[in-house]
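Below are the chains, spelled out letter by letter.
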Amino acid sequence: MPTIDVVHPLVKHKIGLLREAGISTKKFRELTHELARLLAYEATADFPLQKTTIDCWSGPVEVDEIAGLKVTVVPILRAGLGMLDGVLDMVPNAKISVVGLSRNHETLQPEHYFEKFVGHLDQRTALIVDPMLATAGSMIATIDLLKERGCKDIRALVLVAAPEGVAALEKAHPDVRCWTAAIDSHLNELGYIIPGLGDAGDKIFGTKDEETR
Ligand SMILES: O=P(O)(O)OC[C@H]1O[C@H](OP(=O)(O)OP(=O)(O)O)[C@H](O)[C@@H]1O
Ligand SMILES: O=c1cc[nH]c(=O)[nH]1
Ligand SMILES: [Mg+2]
């Protein structure tokens, strides 16, 4: 399935602000949070509804409610944590699963160091969050883990995607939709997205890396 470039003006405005060199940790976190909310809004647009009757001030009224959907949000450590609360703002009852992956700086392969999944993944919609889709190795590895545990409805939310990552993700997992606030130009020789955001994990956690600020 396609990667969805979210074209809402608020998304495009905020992703532009996020690219500013020398942006403060506070501002980077705030914008990441706001963008995660907006991406969650888009990625949940087809959640099924059912009718229910409630007591309204004027008497019984039929209203819509989300139809028994179980959701798990899956932040990819570390940087995905920056998007977690924004998604929970929109889906407050979601359970949280965590995957720890760190991209090897030389091979660009993701190295797995942690995982903790909630139960009944076969009945859940998974919303994976990670600001950066570069080679897509980290996203593909996370989807592999979810599918091994029976998860069938898997959606990804990222802030910036590289065309190389979009192609790799669509090839590896054509059934997974990915919502992104931007699709950028290319990866540089170090595997960083250009123009990109620099190192999103370092910016969210304040672990400054001079080369990618
Ligand atoms: O698409 P890929 O080529 O796999 O690259 C993207 C991954 O790299 C970054 O994480 P990183 O490994 O730097 O870990 P961090 O979040 O702890 O900084 C980013 O947050 C993604 O998880
Ligand atoms: O551009 C990139 C690529 C991987 N990880 C990041 O944080 N930024
Ligand atoms: Mg990083």
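The rules behind each value
- Residues numbered from 1 in each chain as written.
- Chains lettered and ligands numbered in written order.
- Predicted model: local features only at pLDDT ≥ 70, side-chain atom pairs only at ≥ 80, totals over all residues.
- UniProt positions renumbered as here; feature names shortened; annotations may be inferred.
- Helix = DSSP H or I, 4+ residues; strand = E, 2+ residues; numbered from the N terminus.
- Buried ≥ 20, exposed ≤ 12 C-beta atoms within 10 Å, placed from the backbone.
- Contact = placed C-beta atoms within 7 Å.
- Near = placed C-beta within 6 Å.
- Nonpolar A, V, L, I, M, F, W, Y, C, P; charged D, E, K, R; others polar.
- Core = buried A, V, L, I, M, F, W, Y, C linked by C-beta atoms within 7 Å.
- Axes fitted to C-alpha atoms, helices over the stretch in contact; angles between N-to-C directions.
- Parallel < 35°, antiparallel > 145°, perpendicular 65-115°, else oblique.
- Left-handed = near helix turned anticlockwise from the far one by under 90°.
- Pairing = 2+ DSSP bridges.

The name an unreviewed UniProt entry gives the protein is Uracil phosphoribosyltransferase, with Azohydromonas lata as the organism. UniProt lists a comment for the protein under the heading Catalytic activity (unreviewed entry), and it reads "UMP + diphosphate = 5-phospho-alpha-D-ribose 1-diphosphate + uracil". For the protein, the Pathway (unreviewed entry) comment in UniProt is given as "Pyrimidine metabolism; UMP biosynthesis via salvage pathway; UMP from uracil: step 1/1."

Asks: Break down the overall build of the protein for me, with residues and values.
Replies: Within the protein, the secondary structure is distributed over 6 helices and 14 strands. With the principal axes as the frame, the protein shows a C-alpha extent of 65 × 35 × 30 Å. A burial count over the protein gives 38% of its 213 residues as buried. Taking contacts inside the protein between residues at least 6 apart in sequence as the whole, the part at least 24 apart equals 64%.

Asks: Tell me about the site of ligand 2, and name the residues and values.
Replies: Lining the immediate environment of ligand 2, one finds Met132, Ala134, Gly191, Tyr192, Ile193, Gly196, Asp199, Ala200 and Gly201. Tallied by class, the residues present in the shell around ligand 2 amount to 5 nonpolar, 3 polar and 1 charged.

Asks: Let's hear about the nonpolar core: which residues, and what values?
Replies: One finds Leu127, Ile128, Val129, Leu133 and Leu157 to be the most contacted residues of the largest nonpolar core, which totals 56 residues. Among the elements that take part in this core, helix H2 (residues 25-43) stands out by supplying 8 residues, more than any other. Once residues within four sequence positions are removed from consideration, leucine 157 is found in contact with Ala36, Leu39, Ala40, Ala43, Met83, Leu127, Ile128, Val129 and Trp179.

Asks: Describe the site of ligand 1, with residues and values.
Replies: Taken together, 22 residues lie around ligand 1, and Arg103, Ala134, Thr135, Ser138 and Gly201 are the ones closest in. Looking at the shell around ligand 1, the element that brings in the most residues is strand S6 (residues 98-103), giving 3 residues. Of the residues belonging to the shell around ligand 1, the class tally is 12 nonpolar, 7 polar and 3 charged.

Asks: Give me the lowdown on the packing of helix H1 (residues 9-18) against H2, citing residues and values where you can.
Replies: Packing of H1 against H2 leaves a shortest axis separation of 10 Å and a crossing angle of 155°. Looking at the two axes, H1 sits roughly antiparallel to H2. Crossing handedness for the pair H1 and H2: left-handed. Every residue of H2 that contacts H1 at Leu10, Val11, Lys14, Ile15, Leu17 and Leu18 is listed here: Phe28, Leu31, Glu34, Leu35 and Leu38.

Asks: So what about the UniProt feature "binding site: 5-phospho-alpha-D-ribose 1-diphosphate" (unreviewed entry) in the protein? Which residues, and what values?
Replies: UniProt records the feature "binding site: 5-phospho-alpha-D-ribose 1-diphosphate" (unreviewed entry) for Arg78, Arg103, Asp130, Pro131, Met132, Leu133, Ala134, Thr135, Ala136, Gly137, Ser138 and Asp199 in the present numbering. By the element assignment, alanine 136 lies in the loop between strand S9 (132-133) and helix H4 (137-148). The exposure class of alanine 136 is buried, given the 26 C-beta atoms found within 10 Å. Beyond its immediate stretch of four places on either side in the chain, alanine 136 contacts Gly165, Ala168 and Leu169.

Asks: With reference to specific residues and values, describe the pairing of strand S12 (residues 177-180).
Replies: Relative to S12, strand S1 (residues 3-5) runs parallel, the two sharing 3 bridges. Following the sheet pairing, aspartate 5 is matched in S12 by threonine 180. Direction of pairing for strand S10 (residues 153-158) relative to S12: parallel, over a ladder of 4 bridges. Within S12, the residue paired with valine 158 across the bridge is threonine 180.

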